[in-house]
Amino acid sequence: ALKEAQETHNTIPLGIICLFEMGARINELTALKWCDIETRRGQKYIHIQRSLIANYVNGKAIGKKVVPHGKTAKANRHIALTTTMQNILSLVREYNTKNGKPTGDDNFIFQRPRKGPEYCTERSFQRVLERCCAAAHTEVFKSFHDIRRTVCTNLFYAGMPMKDLQVFMGH
């Protein structure tokens, strides 16, 4: 994913890396804005506080919209940014600037490379995930939720207490 991003200046592969670092839901990642990066007591955090959902009109889905809340009340949380994550976000900002995308506080971190709404959708990331899995000769990650479960499992085996894991995952 990193190699593809470096060659193309496409930020979507960097989003895949972020999912492995954060364990966030894909609809939380797509709704992140630059203002969600906060510093408290010298530590950088990403504030998960909105989500991308299907937009229904008269019972029919007509695209997506960003809402100011997560899947549940517990989904509103702060995740400490690892050094890897901070480096990835710096690259995303650099590539957005090179691609002529705005990087102000109210702009989305992951933006569509072409026409359409400013934010990316799950579909934008799906093709990149499939390419990454093919390049790694694996079919393990069939969905973004597989990544989320993998992050959760790895944190559990690394010794994270169950209560802390629940908060981290937004449950």
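Data block above holds the structure.
It should be emphasised that the depicted structure is a prediction, and the values quoted were computed from it without experimental measurement.

J.: Which parts of the structure should I look at to understand the sheet that holds strand 5 (residues 77-80)?
T.: Working definition: the strands of a sheet are paired by backbone hydrogen bonds and lie parallel or antiparallel to each other. Taken together, the three strands give an open sheet; going across it, the order is 1-2-5, and neighbouring strands pair in antiparallel fashion. Each edge of the sheet is formed by a strand with only one pairing partner; in this case those strands are strand 1 (37-40) and strand 5. On average, each strand axis in the sheet is tilted by 40 degrees relative to the strand beside it, whichever way the strands run. Taken together, the four bridges between strand 1 and strand 2 (residues 43-48) define a ladder with antiparallel strand orientation. Considered in strand 2, the bridge of R40 is made with Q43.

J.: Looking at this structure, I do not really get the pattern of salt bridges. What am I missing?
T.: Pairing between side chains of opposite charge can happen when the charged atoms of each approach one another. Counted according to the given criterion, the structure contains seven salt bridges. Put simply, R131 and E4 hold a salt bridge, and the shortest N to O gap is 2.4 Å. In this pair, R131 is assigned in helix 5 (residues 122-135) and E4 in helix 1 (residues 2-8), connecting sequence segments 127 residues apart. In this structure, D36 and R50 form a salt bridge, with 2.5 Å as the shortest nitrogen-oxygen distance.

J.: Can you help me understand unusual backbone geometry in this one?
T.: Among all residues save glycine, negative phi is the norm, and among peptide bonds the norm is trans. Residues other than glycine seldom take positive phi values, yet H9 does so here, at roughly 60 degrees. Note on placement: H9 falls in the loop between helix 1 and helix 2 (12-22). In this structure, N58 is a non-glycine residue whose phi angle is positive, near 55 degrees. Note on placement: N58 falls in the loop between strand 3 (51-57) and strand 4 (60-67).

J.: Would you explain the packing of helix 2 against helix 6 (residues 144-157) in this entry?
T.: Any two packed helices are characterised by how steeply their axes cross, that is the angle between the axes, and by the distance between the axes. Viewed as axis vectors pointing N to C, helix 2 and helix 6 meet at an angle of 35 degrees, and their least axial separation amounts to 8 Å. Across the interface between the two elements, I16, L19 and F20 of helix 2 pack against F144, I147 and V151 of helix 6. Of the residues contributing to the contact of helix 2 with helix 6, the split by class is six nonpolar, no polar and no charged.

J.: Please explain the side chain of R25 as it appears in this structure.
T.: Within the fold, R25 resides in the loop between helix 2 and helix 3 (26-29). Apart from the residues lying within four places of it in its own chain, the contact partners of R25 are L19, K71, A75, R77, R148, M169, G170 and H171.

J.: What am I meant to see in the pairing of strand 5 here?
T.: Put simply, side chains in a regular strand alternate between the two faces of the sheet. On strand 5, burial follows the alternation: R77 and I79 on one face are buried, whereas H78 and A80 on the facing-out side are not. Pairing geometry for strand 2 and strand 5, over four bridges, is antiparallel. In the sheet register, Y45 faces strand 5, and the bridge partner there is A80.

J.: Sorry, what's going on with helix 6 here?
T.: Each turn of an α-helix holds 3.6 residues, which means side chains three or four residues apart point in the same direction. Along its 14 residues, helix 6 runs 20 Å from first to last C-alpha, staying within 8% of the 20 Å computed at 1.5 Å per residue. Taken residue by residue, helix 6 has F144, D146, I147, R148 and V151 as its buried positions. Looking at the packing, one finds that the buried side of helix 6 touches helix 2, helix 3, strand 5, helix 5 and helix 7 (162-169). Residue S143 occupies the N-cap position of helix 6, its side-chain oxygen lying 3.3 Å from the main-chain nitrogen of H145. A positive backbone phi angle near 105 degrees is found at G159, which sits one or two residues after helix 6.

J.: Looking at this structure, I do not really get the side chain of R50. What am I missing?
T.: Mapped onto the fold, R50 is located in the loop between strand 2 and strand 3. Here R50 falls in the buried class, since its relative accessible area comes to 13%. A polar contact is formed between the side chain of R50 and the side chain of D36, at a distance of 2.5 Å. In contact with R50, not counting residues within four places along its chain, are N27, E28, A31, L32, K33, C35, D36, V66, V67, P68 and H69.

Rules of the game
- Residues numbered from 1 in each chain as written.
- Predicted model: local features only at pLDDT ≥ 70, side-chain atom pairs only at ≥ 80, totals over all residues.
- Heavy atoms only, no water.
- Pairing = 2+ DSSP bridges.
- Helix = DSSP H or I, 4+ residues; strand = E, 2+ residues; numbered from the N terminus.
- Axes fitted to C-alpha atoms, helices over the stretch in contact; angles between N-to-C directions.
- Salt bridge = Lys/Arg side-chain N within 4 Å of Asp/Glu carboxyl O.
- Contact = heavy atoms within 4.5 Å.
- Nonpolar A, V, L, I, M, F, W, Y, C, P; charged D, E, K, R; others polar.
- Buried < 20%, exposed > 50% of the residue type's maximum accessible area, 1.4 Å probe, protein only.
- Expected span 1.5 Å × (residues − 1).
- Polar contact = N/O pair within 3.5 Å; in protein donor to acceptor, adjacent residues only side chain to side chain.

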